[in-house]
Structure formats: structure tokens, C-alpha cells
Amino acid sequence: MQEKLAELATWREGINAHLTAAIVMGKRSDSGLLMPDQSLLMTGRYHAISNLPRMMHICRELMGGQIYVTPDIATFEASETKPWLQKFYSINDVWAAEDRRKLLAFARDLLNSDYAGHRLTFQLFAQSPPFAHLAAIYRNFDWANALKTTQRCAGLSDRIWAGQQPHIT
């Protein structure tokens, strides 16, 4: 369980790190507006959308079968079933049946409902499909800097460029 929670936290922190870095490393546009670093912004967006289905699956695993078998509110309020559900859905004095039902219904809505499927598809394709994000990352990444860093770290001479500056097209 701790490993699954840590993976969810890592995903969330990765999104936050990309967004924070994109803002911090942003540059002023010709009109004087702050523009987030596009490479960091695009890689953060791709990190978020490409891992979203896995993170939803981890949440399902953490919830177990409870989100599938928890009755609807009408069953919780029905006079015949209410006493039983109050008894068996209450964990202790702090976690009473109603709060647990609300949490499980919330999880079901976010993970397993028509709404969840719609939202997942929206997140994956609303701004553009994942392959378009990768194309934007490719266009915005500073390839020349990566090549120069590799040259420096490997101790390569300038001869490798054969009179050309490093670039990717």
C-alpha cells in the first residue's frame, strides 16, 4: 500500500515540479508577458496525461472491491437496509457509515463511472492527443544544449561538429 501511495505522490509531485520549473525558467515575450518554458510545460503535460490511466488503476487497487459493491444512497436510506449498512460500513466512531459511503461514491464517480471514462478521454485528447504532445516536446527541447553537454562530459573535441554547430531538425 505504501508503494502505491508513493507512486501516486511521485506522479503528483512530477506534475508540480514541471509546472513550477516551467514558470521559474520562463522568459519574457516580445510583448513583455511571462511565457513558461515550453519544453518543461510540454513534458509536464505529457507526464501527467501518459500516466493518468495507471494512476487511476492504482487508486482502484487501493480501494479494492469496495467501489464496486457499495450500494447507492437509496439503499443506505431504506428502512430495511439502513441499520445493517450503518453497522457494517462504520469503521469506528470517527469513520461512520455515511462518510465512508460518500468517500466510496466519490471514488466510484472519479474512477468507474461514465463520467470517469468521459473525463479520462477528455484529459487524453482535449488539448491534443499524446503523439502531438510528443511532437511538441521534440520541437521545444533544447537539443543543442544536450549535445554540447554530452560533448563536454565525454571530453570530445570540437572536431566532432566538422564546422557545424550542434542542432536537431
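Residues numbered from 1 in each chain as written. Predicted model: local features only at pLDDT ≥ 70, side-chain atom pairs only at ≥ 80, totals over all residues. Heavy atoms only, no water.

A. Local environment of the pattern of salt bridges. Inspection of every chain in the model, using the stated rule, returns four salt bridges. The residue R54 makes a salt bridge to E7 at a minimum N-O spacing of 3.1 Å. Of this pair, R54 sits in helix α2 (residues 38–63) while E7 sits in helix α1 (residues 2–24); the two residues are 47 residues apart in sequence, bridging distant segments of the chain. By relative accessible area, E7 is classed as partly exposed at 26%. (Salt bridge = Lys/Arg side-chain N within 4 Å of Asp/Glu carboxyl O. Helix = DSSP H or I, 4+ residues; strand = E, 2+ residues; numbered from the N terminus. Buried < 20%, exposed > 50% of the residue type's maximum accessible area, 1.4 Å probe, protein only.)

B. Quick look at the packing of helix α5 (residues 82–89) against helix α6 (residues 97–111). Between α5 and α6, the least distance of the axes is 8 Å, while the angle of their chain directions is 80°. It follows that α5 is roughly perpendicular to α6 by the angle criterion. From α5, L85, Q86, F88 and Y89 reach across to α6, where they touch A97, R100 and L104. (Axes fitted to C-alpha atoms, helices over the stretch in contact; angles between N-to-C directions. Parallel < 35°, antiparallel > 145°, perpendicular 65-115°, else oblique. Contact = heavy atoms within 4.5 Å.)

C. Structural context of helix α7 (residues 114–125). In this model, α7 (12 residues) spans 17 Å end to end at C-alpha, consistent with the 16 Å of a helix rising 1.5 Å per residue. Two to three positions downstream of the cap, the backbone nitrogen of Y115 sits 3.2 Å from a side-chain oxygen, assigning the N-cap of α7 to S113. (Expected span 1.5 Å × (residues − 1). Polar contact = N/O pair within 3.5 Å; in protein donor to acceptor, adjacent residues only side chain to side chain.)

D. Focus on the environment of Q127. Position of Q127 relative to the elements: it lies in the loop between α7 and α8 (130–140). With a relative accessible area of 57%, Q127 lands in the exposed category. As a C-alpha pair, Q127 and T43 span 84 residues in sequence and 14 Å in three-dimensional space. Sequence-distant contacts of Q127, defined by excluding residues within four places in its chain, comprise R45 and H133.

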